[in-house]
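Structural description and commentary
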Amino acid sequence: MEIAILVPCYNEEQTIGNVIDDFKRELPNAKIYVYDNNSSDKTSEVARAHGAIVRFEPRQGKGNVVRSMFRDIEADYYVMVDGDDTYPAEFVHDILAPVQKGEANLVIGDRLSNGTYFDENKRQFHGFGNNLVKGLINKLYKSNITDIMTGYRGFDRLFVKSMPVTSPGFEIETEMSIHALDNRFLIKEVPIDYRDRPEGSESKLNTITDGMKVLRMIFTLFKDYKPMLFFSVWAALFLVLGLAVGTPVIMEYVQTSFISKVPSAILAVGFVLLAMLSLACGLILDTVAGTHRKNYELHLNRISERTERG
């Protein structure tokens, strides 16, 4: 069974060598792929010198790198890890075990349960952002995932070859988690340790801008995956606003048989019409999403059959 280690990289000259050496020690027969995403330092040279298979992705962003990795690389099992040397390679066996046993399609390396992420991470508000995203997704899908945004994950071939990557950047981890939950893939979390970047190595994440991108991704996927619930929320909001504005108008008409608040009446009607349109959009798109899920299940069956024949 072939194992591929996927390492997306951008300016990781200082750490990529250690990452490759550590994974070669733990999995000497695995192929290690380093995808250089327009690095301005010697990331690719160092990776090649340490024995990795080096490829290049010209479109900037981690999501673009992952899209190319998933399309190009053929293997039975996959492990994705960041090139910043924050994820210890010795946990790769725990990451791989559930997918190799058929217990999971996606394995999440959980940095948060044992507290090492909060002890090691020196960047403010990252913990708050992780908890916010985790809470939103768990509430939306009634799930109990502990670490939504970890960069240490394991996959089987079925997940990799059926994952439609649409995120260009660091939102990719959130997209993977939502995709797995919505399509009922088997998910398992494995506790891992986390260590902060070594001195001199800088994070590429921006807490505010990348956090906003992640929240926008959740909003977009919520609309795409659960349109009935999404548009029902908007319909309820518009209906409440319509009733709030229109109730005094109705009461005035009942008491005097006359309407003097014409602008309020027009606004109330507008809100109610928006509520009806939102509900209609939800019903139509829910039917479309249901059809898409059926087609996706057939697509999964075809991929599964090809995997078994291979």
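Structure shown above.
Remember, it's a predicted structure, so these values are computed and weren't measured experimentally.

Calculation criteria
- Residues numbered from 1 in each chain as written.
- Predicted model: local features only at pLDDT ≥ 70, side-chain atom pairs only at ≥ 80, totals over all residues.
- Heavy atoms only, no water.
- Core = buried A, V, L, I, M, F, W, Y, C linked by side-chain atoms within 4.5 Å.
- Buried < 20%, exposed > 50% of the residue type's maximum accessible area, 1.4 Å probe, protein only.
- Helix = DSSP H or I, 4+ residues; strand = E, 2+ residues; numbered from the N terminus.
- Contact = heavy atoms within 4.5 Å.
- Arc of directions from axis to C-beta.
- Phe/Tyr/Trp six-rings, centres within 6.5 Å; stacked < 30°, edge-to-face > 60°.
- Pairing = 2+ DSSP bridges.
- Axes fitted to C-alpha atoms, helices over the stretch in contact; angles between N-to-C directions.
- Expected span 1.5 Å × (residues − 1).
- Bend = angle between axes of the 7 residues up to and from the residue.
- Parallel < 35°, antiparallel > 145°, perpendicular 65-115°, else oblique.
- Nonpolar A, V, L, I, M, F, W, Y, C, P; charged D, E, K, R; others polar.

1. With respect to the nonpolar core
If you look at the biggest cluster of nonpolar residues, it comprises 41 residues, and the most contacted ones within it are Leu6, Phe70, Phe155 and Met176. Top element by residues in this core is helix α9 (residues 207–225). It accounts for six residues. Setting aside its immediate chain neighbours within four residues, Phe70 contacts Leu6, Phe155, Val160, Lys161, Met163, Val165 and Met176. In this structure, Ile3, Ile16, Ile95 and Leu112 belong to the second largest nonpolar core, which totals 34 residues.

2. Description of helix α4 (residues 92–100)
When α4 is considered as a whole, its buried residues turn out to be Val92, Ile95, Leu96, Pro98 and Val99. On an axial view of α4, the arc spanned by its buried residues comes to 160°, and they lie on one face. If you follow the buried residues of α4, they end up packed against β1 (3–9), α1 (16–26), β4 (77–80), β5 (106–110), β6 (153–156) and β7 (187–191). Just downstream of α4, Gly102 is the residue with a positive phi angle, here 80°.

3. Brief notes about the packing of aromatic side chains
Here the distance between the centres and the angle between the planes together describe a pair of aromatic rings. Inspection of the entire model under this criterion finds 12 aromatic pairs. Residues Tyr87 and Tyr152 carry aromatic rings whose centres are separated by 5.4 Å and whose planes lie at 50° to one another, so their mutual orientation is tilted. Separated by 65 residues along the polypeptide, Tyr87 in the loop between β4 and α4 and Tyr152 in the loop between α6 (126–141) and β6 bring together distant segments of the chain. Among the aromatic residues, ring-to-ring pairing joins Phe219, Phe222, Phe230, Phe231, Trp234, Phe238 and Phe271 into one connected group.

4. Here we look at the sheet that holds β5
The sheet built from seven strands is open, its strands ordered β3-β2-β1-β4-β6-β5-β7 with mixed pairing. Of all strands in the sheet, those bounded by a partner on one side alone are β3 (53–56) and β7. Taken pair by pair, the neighbouring strands of this sheet meet at an average axis angle of 20°, ignoring direction. Sheet topology places β5 next to β7; five bridges connect them, and they run parallel. Paired with Val107 across the two strands is Lys188, which belongs to β7. Sheet strands touched by helix α3 (residues 62–72): β1, β2 (31–36), β3, β4 and β6. Its angle to β1, the strand with the most contacts, is close to 155°. Along the sheet face, helix α8 (residues 172–182) touches β4, β5, β6 and β7 and points at about 45° away from the line of β6.

5. Comments concerning helix α10 (residues 227–256)
A rise of 1.5 Å per residue sets the reference length of α10, with its 30 residues, at 44 Å; its end C-alpha atoms lie 42 Å apart and thus fit the reference within 8%. Remark: the principal bend of α10, roughly 40°, maps to Gly246, with a proline, Pro248, within the next four residues. Turning to α10, its buried residues number three or more, namely Pro227, Phe230, Phe231, Ala235, Phe238, Gly242, Gly246, Val249 and Glu252. After α10 finishes, the residue Ser257 shows a positive phi value of roughly 55°.

6. Some words on the packing of α3 against α8
Packed helices, taken two at a time, are described by the angle between their axes plus the distance between the axes. Relative to each other, α3 and α8 sit at 55°, their axes nearing to 9 Å. Put simply, α3 runs oblique to α8. Seen from α3, the contacting residues are Lys62, Gly63, Val66 and Phe70; seen from α8, they are Ile172, Glu173 and Met176. Counted by class, the contact of α3 with α8 contains four nonpolar, one polar and two charged residues.

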